[in-house]
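Descriptive structure summary
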Amino acid sequence: MGSLSECRIRKATRDDIDNIAEFIEKYWNPDHILCKSKEFMEWQHCFWGEVCFVIAENKESHELEGIVGYIPYAKGKERDVFGALWKVRNNRYPMLGLKLKLYLMNHIGAKTLSAIGLNPNTLELHRRSGSFLGTLKHYYLLSDQEEYKIAKIVTKIIIPYNREKEQYRMERLQDVERIKGVCDREKRQKKFPEKSFDFICHRYLQHPVYRYQIWEIRNGEDTMGMFVMRKIDCNSVSVLRIVDYIGDTGAIAHTGAELQKLLKGYEYIDFYLYGIEDDILKDAGFVLKPDDDSNIIPNYFEPFVQKNILLDFFSSSGDVVLFRGDGDQDRPNFIGEIRIDDAN
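About the criteria used
Along each chain, numbering runs from 1 in the same order as the chain's sequence is written. In keeping with the model being predicted, local features are shown solely for residues with a pLDDT of at least 70 and side-chain atom pairs are shown and tallied solely at 80 or more, while totals for entire chains, interfaces and linings include all residues. Side-chain figures throughout are based on the complete set of non-hydrogen atoms in the structure, without hydrogens or water. We call a residue buried when its accessible area falls under 20% of the maximum for its residue type, exposed when it is over 50%, and partly exposed in between, using a 1.4 Å probe and counting protein chains only. Strands here are runs of E lasting at least two residues and helices are runs of H or I lasting at least four, both read from the DSSP assignment and numbered beginning at the N terminus. For two strands to be treated as a pair, DSSP must find no fewer than two bridges joining them. When the strands point away from the viewer, a crossover counts as right-handed if the path from the first strand over the helix to the second runs clockwise. For the purposes of this section, nonpolar cores are sets of buried Ala, Val, Leu, Ile, Met, Phe, Trp, Tyr and Cys residues that join through side-chain atoms within 4.5 Å. A contact between two residues is defined here by any heavy atoms of the two lying within 4.5 Å. Only Phe, Tyr and Trp rings take part, Trp by its six-membered ring, and two of them pair if their centres are within 6.5 Å. Stacked means planes under 30 degrees apart, edge-to-face means over 60, and tilted covers everything else. Here the axes come from fitting lines to C-alpha atoms, over the contacting stretch only for helices, and the angles between their N-to-C directions go from 0 to 180 degrees. N or O atoms closer than or at 3.5 Å make up a polar contact, with two conditions inside protein: a donor-capable atom paired with an acceptor-capable one, and, for residues adjacent in sequence, both atoms drawn from side chains. Scored from 0 to 100, pLDDT records how confident the predictor is in each individual residue. For this analysis, a salt bridge means a side-chain nitrogen from Lys or Arg found within 4 Å of a carboxyl oxygen belonging to Asp or Glu.

**Some words on the pairing of strand β14 (residues 268-274)**
The element β14 is extensively covered by neighbouring structure, given that six of its seven residues are classed as buried. In terms of strand pairing, strand β9 (residues 137-142) meets β14 through six bridges, oriented antiparallel. Of the residues in β14, the one forming a bridge with L142 is Y268. The pairing of strand β13 (residues 237-247) with β14 spans three bridges and is classified as parallel. From the neighbouring strand, I242 faces β14, where its bridge partner is F271. Regarding topology, helix α8 (residues 256-263) serves as the crossover connection from β13 to the parallel β14, and that connection is right-handed. When β14 meets strand β19 (residues 322-323), the two strands line up antiparallel, connected through two bridges. Counted as the bridge partner of L273 is F323 from β19.

Listed below in C-alpha coordinates is the structure:
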(Lines give C-alpha, C1' and ligand atoms only; values in the text may rest on other atoms or scores of the structure.)
Protein backbone atom coordinates (compact mmCIF):
# COMPACT_ATOMS: atom_id res chain seq x y z
CA MET A 1 0.00 0.00 0.00
CA GLY A 2 1.58 3.24 -1.15
CA SER A 3 1.37 6.87 -0.15
CA LEU A 4 -0.67 9.41 -2.08
CA SER A 5 2.49 11.52 -2.23
CA GLU A 6 3.74 9.05 -4.87
CA CYS A 7 0.97 10.20 -7.23
CA ARG A 8 0.58 13.33 -9.31
CA ILE A 9 -2.95 14.45 -10.16
CA ARG A 10 -3.38 16.68 -13.20
CA LYS A 11 -5.61 17.51 -16.15
CA ALA A 12 -5.07 15.23 -19.10
CA THR A 13 -3.74 16.34 -22.48
CA ARG A 14 -4.17 14.82 -25.93
CA ASP A 15 -0.94 12.91 -25.38
CA ASP A 16 -2.72 10.97 -22.61
CA ILE A 17 -5.70 9.76 -24.64
CA ASP A 18 -4.21 6.42 -25.73
CA ASN A 19 -3.03 5.67 -22.19
CA ILE A 20 -6.49 6.48 -20.82
CA ALA A 21 -8.08 4.09 -23.34
CA GLU A 22 -5.61 1.36 -22.36
CA PHE A 23 -6.36 1.98 -18.67
CA ILE A 24 -10.10 1.61 -19.29
CA GLU A 25 -9.52 -1.59 -21.26
CA LYS A 26 -7.26 -3.14 -18.60
CA TYR A 27 -8.88 -2.01 -15.36
CA TRP A 28 -12.52 -1.37 -16.17
CA ASN A 29 -14.04 -3.04 -19.24
CA PRO A 30 -12.24 -4.24 -22.40
CA ASP A 31 -15.48 -3.77 -24.36
CA HIS A 32 -16.14 -0.20 -23.19
CA ILE A 33 -16.87 2.15 -26.10
CA LEU A 34 -14.23 4.63 -24.89
CA CYS A 35 -11.47 2.08 -25.48
CA LYS A 36 -13.07 0.57 -28.56
CA SER A 37 -13.59 3.84 -30.42
CA LYS A 38 -11.09 6.67 -30.25
CA GLU A 39 -13.47 8.75 -32.36
CA PHE A 40 -16.23 8.48 -29.77
CA MET A 41 -13.77 9.08 -26.93
CA GLU A 42 -12.67 12.33 -28.56
CA TRP A 43 -16.25 13.43 -29.28
CA GLN A 44 -17.37 12.89 -25.67
CA HIS A 45 -14.26 14.06 -23.84
CA CYS A 46 -12.26 16.32 -26.19
CA PHE A 47 -14.13 19.44 -27.25
CA TRP A 48 -13.86 23.21 -26.95
CA GLY A 49 -10.07 22.73 -26.91
CA GLU A 50 -10.24 20.79 -23.64
CA VAL A 51 -9.39 17.17 -22.85
CA CYS A 52 -12.03 16.36 -20.25
CA PHE A 53 -10.19 13.89 -18.05
CA VAL A 54 -8.31 14.20 -14.79
CA ILE A 55 -5.65 11.56 -14.24
CA ALA A 56 -3.53 10.32 -11.35
CA GLU A 57 -0.11 9.01 -12.38
CA ASN A 58 2.81 7.51 -10.51
CA LYS A 59 5.54 10.16 -10.31
CA GLU A 60 8.34 7.68 -11.05
CA SER A 61 6.85 5.17 -13.50
CA HIS A 62 4.30 7.59 -15.03
CA GLU A 63 1.76 4.75 -15.03
CA LEU A 64 -1.85 5.72 -14.57
CA GLU A 65 -3.28 4.94 -11.15
CA GLY A 66 -6.72 6.49 -11.60
CA ILE A 67 -8.87 8.50 -13.98
CA VAL A 68 -12.09 10.46 -13.95
CA GLY A 69 -13.79 11.78 -17.06
CA TYR A 70 -15.97 14.85 -16.93
CA ILE A 71 -18.41 16.70 -19.16
CA PRO A 72 -18.58 20.51 -18.90
CA TYR A 73 -21.87 22.22 -19.69
CA ALA A 74 -20.25 25.47 -20.85
CA LYS A 75 -16.92 26.87 -21.97
CA GLY A 76 -14.49 28.62 -19.63
CA LYS A 77 -14.79 28.92 -15.87
CA GLU A 78 -17.73 28.94 -13.48
CA ARG A 79 -19.62 26.21 -15.33
CA ASP A 80 -21.62 23.19 -14.15
CA VAL A 81 -19.75 19.92 -14.64
CA PHE A 82 -20.73 16.25 -14.60
CA GLY A 83 -18.40 13.42 -13.71
CA ALA A 84 -18.42 10.45 -16.07
CA LEU A 85 -16.26 7.31 -15.97
CA TRP A 86 -14.46 7.14 -12.61
CA LYS A 87 -11.93 4.40 -11.86
CA VAL A 88 -8.86 3.84 -9.68
CA ARG A 89 -6.47 1.02 -10.49
CA ASN A 90 -6.59 -0.90 -7.20
CA ASN A 91 -6.41 -0.31 -3.47
CA ARG A 92 -2.74 0.62 -3.54
CA TYR A 93 -3.52 4.29 -2.85
CA PRO A 94 -6.37 4.67 -0.32
CA MET A 95 -8.65 7.66 -0.89
CA LEU A 96 -7.29 8.28 -4.39
CA GLY A 97 -10.84 8.34 -5.75
CA LEU A 98 -11.72 11.12 -3.30
CA LYS A 99 -8.59 13.06 -4.26
CA LEU A 100 -9.63 12.89 -7.92
CA LYS A 101 -13.07 14.21 -6.99
CA LEU A 102 -11.62 17.09 -4.99
CA TYR A 103 -9.32 17.99 -7.90
CA LEU A 104 -12.36 18.07 -10.19
CA MET A 105 -14.19 20.39 -7.82
CA ASN A 106 -11.29 22.80 -7.38
CA HIS A 107 -9.22 22.89 -10.58
CA ILE A 108 -11.44 22.76 -13.69
CA GLY A 109 -13.71 25.75 -13.07
CA ALA A 110 -16.64 23.71 -11.74
CA LYS A 111 -19.44 25.81 -10.24
CA THR A 112 -21.24 22.58 -9.35
CA LEU A 113 -20.13 18.96 -9.73
CA SER A 114 -22.61 16.10 -10.15
CA ALA A 115 -22.68 12.52 -11.43
CA ILE A 116 -25.43 9.99 -12.19
CA GLY A 117 -25.25 6.20 -12.13
CA LEU A 118 -23.15 5.76 -9.02
CA ASN A 119 -21.55 2.52 -7.98
CA PRO A 120 -23.24 1.59 -4.66
CA ASN A 121 -19.79 1.04 -3.16
CA THR A 122 -18.96 4.73 -3.61
CA LEU A 123 -22.03 6.21 -1.93
CA GLU A 124 -20.35 6.51 1.46
CA LEU A 125 -17.34 8.24 -0.07
CA HIS A 126 -19.58 10.86 -1.66
CA ARG A 127 -21.56 11.28 1.55
CA ARG A 128 -18.37 11.86 3.56
CA SER A 129 -17.18 14.45 1.08
CA GLY A 130 -20.31 16.51 1.73
CA SER A 131 -22.20 15.79 -1.48
CA PHE A 132 -25.97 15.69 -1.73
CA LEU A 133 -27.15 12.16 -2.62
CA GLY A 134 -30.38 11.13 -4.30
CA THR A 135 -32.05 8.81 -6.82
CA LEU A 136 -33.70 9.79 -10.09
CA LYS A 137 -37.45 9.15 -10.23
CA HIS A 138 -38.71 7.03 -13.10
CA TYR A 139 -42.00 8.05 -14.76
CA TYR A 140 -43.77 6.49 -17.72
CA LEU A 141 -46.76 6.82 -20.04
CA LEU A 142 -48.03 3.38 -21.02
CA SER A 143 -49.77 2.63 -24.30
CA ASP A 144 -53.01 0.69 -23.81
CA GLN A 145 -52.40 -2.64 -25.55
CA GLU A 146 -52.82 -6.35 -24.93
CA GLU A 147 -49.17 -7.39 -25.16
CA TYR A 148 -45.91 -5.67 -24.21
CA LYS A 149 -42.61 -6.83 -25.66
CA ILE A 150 -40.20 -4.43 -23.92
CA ALA A 151 -41.96 -3.58 -20.66
CA LYS A 152 -43.19 -6.27 -18.30
CA ILE A 153 -46.62 -5.17 -17.11
CA VAL A 154 -48.16 -7.02 -14.17
CA THR A 155 -50.57 -4.23 -13.26
CA LYS A 156 -51.54 -1.92 -16.10
CA ILE A 157 -51.70 1.67 -14.82
CA ILE A 158 -52.86 4.38 -17.20
CA ILE A 159 -54.02 7.68 -15.75
CA PRO A 160 -55.71 10.48 -17.71
CA TYR A 161 -53.97 13.78 -18.10
CA ASN A 162 -55.49 16.79 -16.39
CA ARG A 163 -58.02 18.14 -18.92
CA GLU A 164 -58.65 21.18 -16.73
CA LYS A 165 -55.15 22.38 -17.60
CA GLU A 166 -54.79 24.48 -20.72
CA GLN A 167 -53.10 22.27 -23.29
CA TYR A 168 -50.02 23.59 -25.08
CA ARG A 169 -48.89 22.63 -28.57
CA MET A 170 -45.82 20.52 -29.26
CA GLU A 171 -43.89 20.78 -32.51
CA ARG A 172 -40.79 18.98 -33.75
CA LEU A 173 -38.08 21.63 -33.58
CA GLN A 174 -35.55 22.12 -36.38
CA ASP A 175 -34.71 25.82 -35.99
CA VAL A 176 -31.43 26.14 -34.08
CA GLU A 177 -32.11 29.78 -33.20
CA ARG A 178 -35.32 28.78 -31.40
CA ILE A 179 -33.29 26.29 -29.35
CA LYS A 180 -30.92 29.11 -28.45
CA GLY A 181 -33.85 31.19 -27.23
CA VAL A 182 -34.96 28.42 -24.85
CA CYS A 183 -31.41 28.07 -23.51
CA ASP A 184 -31.20 31.82 -22.91
CA ARG A 185 -34.51 31.78 -21.02
CA GLU A 186 -33.35 28.88 -18.82
CA LYS A 187 -30.14 30.74 -18.05
CA ARG A 188 -32.17 33.64 -16.69
CA GLN A 189 -34.07 31.22 -14.43
CA LYS A 190 -30.71 30.21 -12.86
CA LYS A 191 -31.38 26.48 -12.70
CA PHE A 192 -28.66 23.97 -11.88
CA PRO A 193 -27.13 22.53 -13.89
CA GLU A 194 -27.13 25.32 -16.46
CA LYS A 195 -26.81 23.96 -20.00
CA SER A 196 -25.29 26.38 -22.50
CA PHE A 197 -26.48 26.57 -26.09
CA ASP A 198 -23.04 25.33 -27.23
CA PHE A 199 -23.42 22.29 -25.01
CA ILE A 200 -26.94 21.48 -26.27
CA CYS A 201 -25.69 21.65 -29.86
CA HIS A 202 -22.70 19.41 -29.14
CA ARG A 203 -24.57 16.93 -26.96
CA TYR A 204 -27.79 16.45 -28.91
CA LEU A 205 -27.59 18.02 -32.38
CA GLN A 206 -24.08 16.75 -33.17
CA HIS A 207 -24.18 13.33 -31.52
CA PRO A 208 -22.12 10.92 -33.63
CA VAL A 209 -24.31 7.83 -33.02
CA TYR A 210 -27.78 8.76 -31.74
CA ARG A 211 -30.36 10.90 -33.49
CA TYR A 212 -32.33 12.91 -30.95
CA GLN A 213 -35.73 14.49 -31.44
CA ILE A 214 -36.30 17.95 -29.99
CA TRP A 215 -39.93 18.88 -29.34
CA GLU A 216 -40.86 22.47 -28.64
CA ILE A 217 -43.67 23.28 -26.19
CA ARG A 218 -45.59 26.38 -27.29
CA ASN A 219 -48.24 28.46 -25.59
CA GLY A 220 -49.53 30.59 -28.43
CA GLU A 221 -46.45 32.22 -29.92
CA ASP A 222 -44.34 31.72 -26.79
CA THR A 223 -41.86 28.86 -26.50
CA MET A 224 -42.15 27.49 -22.95
CA GLY A 225 -39.62 24.67 -23.11
CA MET A 226 -38.41 21.68 -25.07
CA PHE A 227 -38.18 17.93 -24.61
CA VAL A 228 -35.16 16.01 -25.91
CA MET A 229 -36.25 12.48 -26.87
CA ARG A 230 -34.78 9.36 -28.42
CA LYS A 231 -36.58 6.50 -30.14
CA ILE A 232 -35.40 3.01 -29.18
CA ASP A 233 -36.22 -0.05 -31.32
CA CYS A 234 -36.18 -3.44 -29.60
CA ASN A 235 -38.00 -6.78 -29.96
CA SER A 236 -39.74 -5.53 -33.14
CA VAL A 237 -41.40 -2.62 -31.29
CA SER A 238 -40.37 0.89 -30.24
CA VAL A 239 -40.35 3.04 -27.12
CA LEU A 240 -39.71 6.75 -26.75
CA ARG A 241 -37.35 7.97 -24.05
CA ILE A 242 -37.32 11.56 -22.79
CA VAL A 243 -33.68 12.16 -21.92
CA ASP A 244 -33.67 15.89 -21.18
CA TYR A 245 -35.83 18.95 -20.73
CA ILE A 246 -34.85 22.60 -21.14
CA GLY A 247 -37.11 25.48 -20.12
CA ASP A 248 -40.00 26.12 -17.74
CA THR A 249 -40.64 22.77 -16.00
CA GLY A 250 -44.19 23.87 -15.14
CA ALA A 251 -45.05 23.74 -18.85
CA ILE A 252 -44.80 19.93 -18.75
CA ALA A 253 -48.15 19.86 -16.92
CA HIS A 254 -49.77 21.27 -20.07
CA THR A 255 -48.47 18.61 -22.51
CA GLY A 256 -50.76 15.66 -21.73
CA ALA A 257 -52.84 15.84 -24.93
CA GLU A 258 -49.80 16.19 -27.19
CA LEU A 259 -47.93 13.38 -25.42
CA GLN A 260 -50.91 11.08 -25.98
CA LYS A 261 -50.72 11.82 -29.70
CA LEU A 262 -46.99 11.13 -29.63
CA LEU A 263 -47.51 7.87 -27.70
CA LYS A 264 -49.27 6.27 -30.69
CA GLY A 265 -46.88 3.81 -32.27
CA TYR A 266 -44.81 3.37 -29.10
CA GLU A 267 -45.13 0.84 -26.30
CA TYR A 268 -44.45 3.57 -23.77
CA ILE A 269 -42.73 6.90 -23.16
CA ASP A 270 -40.45 7.02 -20.12
CA PHE A 271 -38.74 9.83 -18.25
CA TYR A 272 -35.98 9.60 -15.59
CA LEU A 273 -35.66 12.86 -13.62
CA TYR A 274 -35.07 14.54 -10.30
CA GLY A 275 -36.20 17.93 -8.99
CA ILE A 276 -39.62 18.43 -10.63
CA GLU A 277 -42.82 18.29 -8.56
CA ASP A 278 -44.80 15.05 -8.87
CA ASP A 279 -48.04 16.95 -9.58
CA ILE A 280 -46.54 18.44 -12.75
CA LEU A 281 -45.84 14.98 -14.14
CA LYS A 282 -49.19 13.62 -12.95
CA ASP A 283 -51.05 16.44 -14.72
CA ALA A 284 -49.38 15.31 -17.96
CA GLY A 285 -50.53 11.70 -17.36
CA PHE A 286 -47.22 10.24 -16.18
CA VAL A 287 -47.17 7.35 -13.72
CA LEU A 288 -44.41 7.27 -11.10
CA LYS A 289 -42.82 3.81 -10.92
CA PRO A 290 -42.12 2.81 -7.29
CA ASP A 291 -38.68 1.38 -6.54
CA ASP A 292 -40.22 -2.01 -5.66
CA ASP A 293 -42.68 -2.07 -8.57
CA SER A 294 -43.58 -5.45 -10.09
CA ASN A 295 -43.96 -3.68 -13.43
CA ILE A 296 -40.68 -3.40 -15.33
CA ILE A 297 -39.78 -0.38 -17.46
CA PRO A 298 -36.26 -1.27 -18.65
CA ASN A 299 -33.31 1.09 -18.65
CA TYR A 300 -30.69 -0.97 -20.50
CA PHE A 301 -30.96 -1.65 -24.22
CA GLU A 302 -27.34 -2.22 -25.30
CA PRO A 303 -27.73 -5.10 -24.62
CA PHE A 304 -31.39 -5.28 -23.66
CA VAL A 305 -32.04 -6.22 -20.03
CA GLN A 306 -35.65 -6.47 -18.87
CA LYS A 307 -35.01 -5.13 -15.39
CA ASN A 308 -35.80 -2.02 -13.37
CA ILE A 309 -32.72 0.08 -12.65
CA LEU A 310 -32.20 2.72 -9.98
CA LEU A 311 -30.02 5.66 -10.99
CA ASP A 312 -28.34 7.17 -7.92
CA PHE A 313 -26.58 10.53 -8.13
CA PHE A 314 -24.49 12.94 -6.14
CA SER A 315 -24.26 16.70 -6.50
CA SER A 316 -22.37 19.45 -4.76
CA SER A 317 -25.72 21.30 -4.77
CA GLY A 318 -29.01 19.99 -3.42
CA ASP A 319 -30.92 22.44 -5.62
CA VAL A 320 -30.67 20.55 -8.91
CA VAL A 321 -32.95 19.41 -11.73
CA LEU A 322 -31.49 16.27 -13.33
CA PHE A 323 -32.38 13.99 -16.23
CA ARG A 324 -31.13 10.74 -17.69
CA GLY A 325 -29.33 12.65 -20.44
CA ASP A 326 -27.07 14.39 -17.92
CA GLY A 327 -23.47 13.25 -17.73
CA ASP A 328 -22.76 10.13 -19.80
CA GLN A 329 -25.85 8.08 -18.92
CA ASP A 330 -27.45 8.23 -22.37
CA ARG A 331 -24.50 7.02 -24.39
CA PRO A 332 -24.11 4.00 -26.67
CA ASN A 333 -22.40 0.83 -25.49
CA PHE A 334 -22.03 -0.49 -29.03
CA ILE A 335 -19.89 1.29 -31.59
CA GLY A 336 -22.24 0.99 -34.55
CA GLU A 337 -21.90 3.80 -37.08
CA ILE A 338 -19.80 6.73 -35.89
CA ARG A 339 -20.67 9.96 -37.71
CA ILE A 340 -17.92 12.22 -36.38
CA ASP A 341 -17.65 14.08 -39.69
CA ASP A 342 -21.24 15.26 -39.23
CA ALA A 343 -20.63 16.25 -35.63
CA ASN A 344 -17.87 18.83 -35.98
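**Focus: the nonpolar core**
Across soluble globular proteins, nonpolar side chains show a tendency to be buried alongside one another. Counting residues in hydrophobic clusters, the biggest one holds 66 residues, and the most contacted among them are I20, I67 and M226. If near-sequence neighbours (up to four positions away) are discounted, M226 is found in contact with L173, I179, V182, C183, I200, I214, W215, E216, D244, Y245 and I246. With 29 residues, the next largest nonpolar core counts I217, A253, F271 and V321 among its residues.

**A short note on the packing of aromatic side chains**
Across all of its chains, the model carries 16 aromatic pairs by this definition. Consider the rings of F132 and Y274, whose centres lie 6.2 Å apart with planes at 55°: the pair is tilted. In this pair, F132 sits in strand β8 (residues 132-135) while Y274 sits in strand β14, placing the two residues 142 residues apart along the sequence. On the basis of relative accessible area, F132 is assigned to the partly exposed category, the value being 32%. Ring centres 6.1 Å apart and planes at 80° place the aromatic pair F227 and F271 in the edge-to-face group. Here the residue F227 occupies a position in strand β12 (residues 222-234), and F271 occupies one in strand β14, the gap between them amounting to 44 residues. For the pair formed by F227 and F271, the shared burial category is buried.

**A closer look at the sheet that holds strand β18 (residues 312-315)**
The mixed open sheet is built from seven strands, whose spatial order is β1-β4-β5-β6-β7-β18-β8. Pairing within the sheet leaves two strands with one partner each, and these edge strands are β1 (7-11) and β8. Along the sheet, successive strands turn relative to each other by an average axial angle of 25°, direction set aside. Relative to strand β5 (residues 64-72), strand β4 (residues 53-58) runs antiparallel, the two sharing five bridges. Its bridge partner being in β5, F53 is matched across the sheet by G69. Sheet strands touched by helix α3 (residues 38-45): β4, β5 and β6 (79-88). Its angle to β5, the strand with the most contacts, is close to 60°.

**Comments concerning the side chain of S317**
Topologically, S317 is positioned in the loop between β18 and β19. At a separation of 3.1 Å, a polar atom in the side chain of S317 contacts the main-chain amide nitrogen of D319. Those residues in contact with S317 that lie beyond four places of it in its chain are T112 and F132.

**With respect to α8**
Where burial is concerned, most of α8 is hidden: six out of the eight residues are buried. Burial in α8 covers these residues: G256, A257, E258, L259, L262 and L263. Tucked into the core, α8 has its buried residues touching β9, β10 (169-172), β11 (213-219), β12, β13 and β14. G265 lies just past α8 and shows a positive phi near 95°.

**Details of the confidence of the model for the protein**
Here the protein shows a mean pLDDT of 93. Residues at 70 or above account for 96%. With pLDDT under 50 throughout, residues 340-344 is counted as low confidence; its partners more than four residues away or in other chains account for six contacts.

**Focus: unusual backbone geometry**
Following E302, the chain continues to P303 via a peptide bond in cis, the omega torsion being 0°. Even without being a glycine, W48 presents a positive backbone phi close to 60°. Within the secondary structure, W48 sits in the loop between β2 (46-47) and β3 (50-51). The backbone of S236 shows a phi angle near 70°, a positive value even though the residue is not glycine. Counting through the fold element by element, S236 comes out in the loop between β12 and β13.

**Details of the pattern of salt bridges**
On inspection of all chains with the given rule, the structure shows 31 salt bridges. Where K137 meets D278, a salt bridge forms, and the shortest distance between an N and an O atom there is 3.1 Å. Of this pair, K137 sits in strand β9 while D278 is found in helix α9 (residues 278-283), placing the two residues 141 residues apart along the sequence. For K137, a relative accessible area of 31% gives the class partly exposed. Given the relative accessible area of 34%, D278 is considered partly exposed. Between R331 and D328 there is a salt bridge, with the nearest N and O atoms lying 3.9 Å from each other. For R331, a relative accessible area of 17% gives the class buried. Among the ionic contacts, a cluster of salt bridges with common partners joins R169, E171, R178, E216, R218 and E221.

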